[in-house]
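Geometric and topological summary
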Amino acid sequence: MREQSAADLISCPAGLEVNMGEPSLCRLGFFLLCSLCCGLSEAYKPRAKLTADGTIIPLGGSVTLSCSVEGSSDWKFDWFRNGQQYSNMQSRGNTEPFRVISVSEGGVYSCRGGRGGGRGDPVFQTETSNEVSIQETVSKPTVTLQPKWPVYRGEMVTLRCEIQDDGGTQWTYEWRPTNRDSPTSSEYRINRVSESDRGEYSCVAKRGHQLTVWSDAFTLTVRSYKPRAKLTADITIIPLGGSVTLSCSVDGSSDWKFDWVRNGQQYSDVQPRGNTEPFRVIYVSEGGVYSCRGGRGDPVFHTGTSNEVSIQKTVSQPTVTLQPNWPVYRGETVTLRCEIQDDGGTQWTYEWRPAYRNVPKSSEYRINNVSESDRGNYGCKARSDHQITGWSSAFTLTVNGYRPTASLTARNYNIPAGGSVALSCSVHGSAGWRFDWFRQESVHHSAQSIRNNEPDGIIRVSEGGVYSCRGGRGDPVFHTETSNAVSIQKTVSRPTVTLQPNWSVVFRGETVTLRCEIQDDGGRTQWNYEWSPANRNAPTSSEYRISSVSESDSGNYWCKASGGHQNTGWSFPFRLTVRSNKPRAKLTASNGIIPAGGSVRLTCSVDDGDGWKIYWFRQESESGTAQIIRNSEPDGVFMVSDGGVYSCRGERGGRGDPVFYTETSNEVIIQKTVLITPTVIQQPNWTQIYKGETVTLRCEIQDDGGTQWTYEWRPTNRNSPSSSEYRITADSSGDYKCRGRRDRFTSTQWGVIRLNVSSSPPQPVLSVSPSWLNPGASVTLSCEGLEHQPAGWRFFWYKAVPDPSSSSYTYELLPGSSNGTEQNSFIINGPTQTAGFVCRAGRGEPKFYTHYSKPKFIWFADPHPAASLSVSPDRVQHVIDQSVTLNCSGNDSKWRVRRFTETTNPSHVQCSNWGTMHGSSCTINRLEDHSGVYWCESGSGEFSNAVNITVQLDYYDGIILLSPVHPVTERYPVTLSCRDKQQNLLSNVFFYHNDKLIHNDSKGELNIFAVSKSDEGFYKCQHSGKDSPRSWMSVRVTVSSPVSSSSPLLLIIGPISGIILIIFLLLLWRYRQPKDLCSFRSEKNDQRSTTNHRAENEISDSSSPSQGAALYGSVKPFEAAAAEPREITYAIIKFKKLRKKKKPRKPEERVIYAEVKTRAEEVAPTYAEINKNKAKQDRKEKLAATDESVYSEIKSGSTLDDESAL
């Protein structure tokens, strides 16, 4: 068959081929058939089929998977496991690649066939096959028992299913037998095991596509009985200082922990013996009944309690003691005591020997009225519940067959003066005695008991007599024989030598008496005295008198006395000192100045000796002598109320003895204060002084009668003068005093003034009025805040100049303020731009200044070329969340923007504190709390105009009023509008001027076509019950008002027209009446008005208008023809000769200015230009005399304005 082209052969599925060379009809039929077949072929796609020889992979084995496409061949197969391409395949020698594979991992498998794809053709793929789940078998688990011991009924056991190398994967477990509520976890817990739980247990586990085989069976054996612990002991009696070993066990099982019980209580003081099971074998060293039990598991499973074992403890051997422990005499009562050490209060039962007596079972063995037959050896032993002792060592009791005698001794038989003697009573060879004491005062008296039952056998006695004693002990008391007698003698106290009079110091020529005194003798004894030194004619009495003592009598003196059965020793020495010099009195005063109406205390004393009486002397004047005013005053204190020179002297002795006088004392000057109080005057008399100020204090004494005073000032630590004036520099608050002194003894009272000194200078407060100025207006500065305005202050006024190096200002003194002003106000005439001012005050000489006030500002709204401020957006009111940019411009490149608000302090901080400064522009991104006045300051010190910014704080539905930032020129139109936050024009709006409703507009606008000064004020708008903030609209008044600023040409045409009219009338008058005065009216005036207003013109000229010549003309304001005539207003036109040189002037210089003054208050002065060339042309004409007048009518600027408008 020949090869056919692609164009001649149409290929279809299932081998349909048509030769295009056949007839057309046949070809068309075949074409339709092929198209149908092709459409069906594209709708059908074969699906692969997956089969497996098994679904569980045996342990260590694999499973064979086969993939096929039914009815076709030549496929290559792709394999998938768990949704992912599977490449770990083992092909099993089949003809078609990877049709049959072996897998050893569990998972969900699927496959897909593909064929074609040669030479760039795409691979045709079948649908993915069915999924086959394959389970992988891993290692066999093992069942273990936890814990691993024989199990008893009631214990808790846990079976655990353990898988080796599980990799931490989460398994799900299954247990056999399944008749229980078996868990799915790896542990199978039986809380209280019983016989029904016996049997075989096995487990299997699954996870994902892995599973295990069933484990080998584990046989659980449960013992039906509860085990009982068994207790054994190696011995039952604990040897002294030893211990016993106890063992506890449970037959047939292990892993027990043991609890021990002693005497029915838990026993914790155990000492285990290194056994494997805790506390199975222990040591005990205390007696008692012991038992034990075992426990294991969690919760703990306990065995039954073991048998009880009684253990006896051997304690230390007792000791027999004798109470009291002394040698025993016949007739005494003795007690033998059986003592056990460290018994801890145990109740014991005692046994004594010898046993042939009626011995007790207690610890004491008492023998009353002991005799020699009781001599011998005694022993004891004791027992308690779980303790026992052995027999004590033998105690030998010895009994003496006689009664002992007490013995009395004394170390000293003489009692020293004021002392005592110790007596000692004892019984030889025994102890435990208490003693009775006896004293016999004389041979005529019997011994009397003075002490009983004294324990220590020693007493001290301070009285003489015959003493004895005896001992006693036991219960009942056993007494010794009475002791020997001891005689004790008493020594009385040592005498004392005293001086009468008892002066500490004696002076030559005085008389003294020495006395020997014995204390506490009661006056019963008659004493004989002895004095030393014996070289004098010493008396035997108690007194030793020395008349007119001298220095040779100085020395030590002693005495002693004796009488009856008592005597004294020598007294302590008394030192008599005699001074050869005569003492001098000393005078002091409590105050050198007697207060007015008061007194002063004088004190006179003699430092050496005592017993002095005082004589007082007073010298009344400097020329007089001292006179006695008081004598024999005992206390040395004298109150005086008169000035003078005082002195004193002392005396002592008398009453039979000669009087002895001291030297006269020093003199004391006492000054008297008169009832005059000076007045301290402060110059200047300011009530408030500041630290550093200089003031003068003046001391003035009223009604002094021409006395010459010397002045004294306090505080005295200053360099105070003696004159009546005291100049000080104030440092701190305090009292200043002065007084006057008339003579040596008289002075005034202190005058006091209080200076209140403030620590720092005050700071005045500057206010300005007004704050906003129109051109040409003046401003008043007021410096306030000083509490005492009349207090000598002069006020200094300064201009604040911006300091480019900082954020503050420097201050320049204003003209006219160099010496200050008396008034606290200052007027600045016609400031032209925004400016800041400060003030301060000064007073005194040298000048003391206050602090500078804080700056205050005046604001101009009109911009000027040197510095101006503009606002974008160009309006006064703004919304809180909108930004505003302030632009500075002028003759400088460095700017800063300042503001003044009512809420910030300081209020005039600069832009960097509340906005962002970029070059000469300040941008405020959010306007909260930014309502205020803003202005610019240049680096060269210029201030710009100021603008108001008002912020609408209602963020959601607040409205604002659109009004101009800068002043509006008078007679110019202006439009105010009311808008919302998005700047949409609002309708049905009410407009208010100074809080009065002036307009209601449906379009939301207020149009003022010709603004006047009366339109100035606060404006706001209202819409739907909501008000905008108020804004001030300023009106700029023009100098030429009422002439419209829109027609500046009329300012020139009006006056010139009037002057031309005047010249025309003068020419007319010259030709018609050269020498007469005529009265005429202009033709035009006759036509327009019938009023009788006239103007008087007077011109005086020789060749040209001379200086001082005047032209008077009536100025008639514009008014209706029917209006009432007004009063004639006169104007003066002065012709001034500008130059006297012959050089011709330029045309523009030949102008004469005339000032038109009117009486009307509202009309501003009008200036007119008069061309002088016109006058020169008429020079050849003869003019009228200067006193001739011409009357004409001159129209005012308003008339010209109206005519121009027409």
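Residues numbered from 1 in each chain as written. Predicted model: local features only at pLDDT ≥ 70, side-chain atom pairs only at ≥ 80, totals over all residues. Heavy atoms only, no water.

Observations concerning the overall build of the protein chain
Secondary structure summary: the protein chain contains 5 helices and 110 strands in total. Burial analysis of the protein chain (1206 residues in total) assigns 39% to the buried set. Taking contacts inside the protein chain between residues at least 6 apart in sequence as the whole, the part at least 24 apart equals 61%. For the protein chain, the exposed area adds up to about 66,700 Å²; of that, 47% sits on carbon and sulfur atoms. (Helix = DSSP H or I, 4+ residues; strand = E, 2+ residues; numbered from the N terminus. Buried < 20%, exposed > 50% of the residue type's maximum accessible area, 1.4 Å probe, protein only. Contact = heavy atoms within 4.5 Å. Areas by Shrake-Rupley, 256 points an atom, 1.4 Å probe, with all protein chains shown as cover.)

Regarding the confidence of the model for the protein chain
One rule of thumb: low pLDDT means the predicted coordinates there are not for detailed reading. Across the protein chain, the average pLDDT comes to 79, with 79% of residues at or above 70. Note on residues 1-23: pLDDT under 50 across the span, and 29 contacts to partners over four residues away in sequence or across chains. (pLDDT = per-residue confidence, 0-100.)

A closer look at the state of the cysteines
Where two cysteines share a covalent bond between their sulfur atoms, that bond is called a disulfide. Per the stated rule, a full pass over the model turns up 12 disulfides. For cysteine 161, the disulfide goes to cysteine 203, at an S-S distance of 2.0 Å. Torsion about the S-S bond of the cysteine 161 and cysteine 203 cystine: about 75°, corresponding to right-handed handedness. Highlighted residues: cysteine 161 in strand β15 (residues 157-162) and cysteine 203 in strand β18 (residues 199-207), separated in sequence by 42 residues. Residue classification places cysteine 203 among the buried residues on the basis of a relative accessible area of 0%. (Disulfide = S-S within 2.5 Å.)

Thoughts on the pairing of strand β62 (residues 613-619)
In the case of a regular strand, side chains alternate between the two sheet surfaces. Most of β62 is tucked away, with 6 of its 7 residues classed as buried. Of the pairings in the sheet, the one linking β62 to strand β63 (residues 627-633) comprises 4 bridges and is antiparallel in character. Looking at the pairing, isoleucine 614 lines up with glutamate 633 of β63. (Pairing = 2+ DSSP bridges.)

Section: the environment of glycine 429
You can see glycine 429 is positioned in the loop between β43 (421-426) and β44 (434-440). Separated by 103 residues in sequence, glycine 429 and tryptophan 326 have C-alpha atoms that sit 8.9 Å apart.

A short note on the packing of aromatic side chains
Here the structure, examined in full by the defined rule, presents 38 aromatic pairs. With 5.2 Å between their ring centres and 50° between their planes, tryptophan 616 and phenylalanine 638 make a pair best called tilted. With a gap of 22 residues between them, tryptophan 616 in strand β62 and phenylalanine 638 in strand β64 (residues 637-640) connect regions that are remote in the sequence. For tryptophan 616, a relative accessible area of 0% gives the class buried. You can call phenylalanine 638 buried: its relative accessible area is 9%. Residue placement shows lysine 582 over the ring face of phenylalanine 660; its charged tip is 6.0 Å from the ring centre. Residue placement shows lysine 1020 over the ring face of tyrosine 992; its charged tip is 5.3 Å from the ring centre. (Phe/Tyr/Trp six-rings, centres within 6.5 Å; stacked < 30°, edge-to-face > 60°. Lys NZ or Arg CZ within 6 Å of the ring centre and 35° of its normal.)

Thoughts on the sheet that holds strand β92 (residues 932-938)
As summarised here, the arrangement of the 4 strands in space is β87-β93-β92-β89, forming an open sheet in which the pairing is mixed. Two strands bound the open sheet, and with one partner strand each, they are β87 (877-879) and β89 (895-900). Between one strand axis and the next, the sheet turns through 35° on average, direction left out of account. Here β89 runs beside β92; their pairing, made up of 6 bridges, is antiparallel. Looking across to β92, one finds that valine 897 is bridged to cysteine 936. (Axes fitted to C-alpha atoms, helices over the stretch in contact; angles between N-to-C directions.)

Observations regarding the side chain of threonine 746
With respect to the helices and strands, threonine 746 occurs in strand β74 (residues 746-747). Here threonine 746 is in contact with Lys672, Val674 and Arg741, once residues within four sequence places are set aside.

Focus: the side chain of serine 215
Among the secondary structure elements, serine 215 is positioned in the loop between β19 (210-211) and β20 (218-220). Discounting chain neighbours no more than four positions away, the residues touching serine 215 are Lys140, Pro141, Thr142, Val143, Ser202 and Cys203.

Looking at the pattern of salt bridges
This structure, assessed with the given rule, holds 33 salt bridges. When the shortest N-O distance is used, the salt bridge between arginine 293 and aspartate 259 registers 3.8 Å. Of the two residues, arginine 293 is situated in strand β29 (residues 288-296) and aspartate 259 in strand β25 (residues 257-262); the sequence distance between them amounts to 34 residues. Aspartate 259 sits in the partly exposed class, given a relative accessible area of 25%. Close ionic contact of lysine 560 with glutamate 530 constitutes a salt bridge, the shortest N to O distance being 3.9 Å. You can see lysine 560 sitting in strand β55 (residues 555-563) and its partner glutamate 530 sitting in strand β53 (residues 528-532), a full 30 residues away along the chain. Linked by salt bridges that have partners in common, Glu712, Arg739 and Arg741 make up one network. (Salt bridge = Lys/Arg side-chain N within 4 Å of Asp/Glu carboxyl O.)

Observations regarding the nonpolar core
In globular proteins that are soluble, nonpolar side chains generally tend to be buried together. Judged by nonpolar contacts, the single largest core of 42 residues is most densely connected at Leu697, Trp713, Leu781, Trp793, Trp797, Phe837 and Ile858. For this core, the element with the most residues is strand β83 (residues 835-843), which contributes 4 residues. Not counting residues within four places of it along the chain, the set of residues in contact with leucine 781 comprises Leu766, Ser767, Val768, Trp797, Leu814, Asn824, Ser825, Phe826, Ile828 and Phe837. If you look at the next biggest cluster of nonpolar residues, it comprises 25 residues, including Val876, Val884, Val909 and Cys922. (Core = buried A, V, L, I, M, F, W, Y, C linked by side-chain atoms within 4.5 Å.)

Digging into the sheet that holds strand β91 (residues 921-924)
Here 4 strands make up an open sheet; going across it, the order is β86-β88-β91-β90 and the pairing antiparallel. Across the chains shown, the open sheet's two edge strands, defined by having one partner strand only, are β86 (867-872) and β90 (916-918). For this sheet, the mean angle separating the axes of adjacent strands, direction not counted, is 20°.

Observations concerning unusual backbone geometry
Across residues other than glycine, the phi torsion is negative in most instances, and most of the peptide bonds are trans. Of note, the amide linkage connecting arginine 176 to proline 177 takes the cis form, showing an omega dihedral of 5°. Relative to the helices and strands, proline 177 resides in the loop between β16 (172-176) and β17 (187-190). Here the residue pair glutamate 845 and proline 846 is connected by a cis peptide bond, since its omega of 5° sits within 30 degrees of zero. By the element assignment, proline 846 lies in the loop between β83 and β84 (848-849). Despite not being glycine, serine 548 shows a phi value in the positive range, around 45°.

What about the environment of phenylalanine 507?
Mapped onto the elements of the fold, phenylalanine 507 is located in strand β51 (residues 506-507). With 102 residues separating them along the chain, phenylalanine 507 and glycine 609 place their C-alpha atoms 8.9 Å apart. Residues in contact with phenylalanine 507, not counting those within four places in the same chain, are Val549, Val578, Arg579, Asn581, Pro583, Asp608, Trp612, Arg652 and Phe660.

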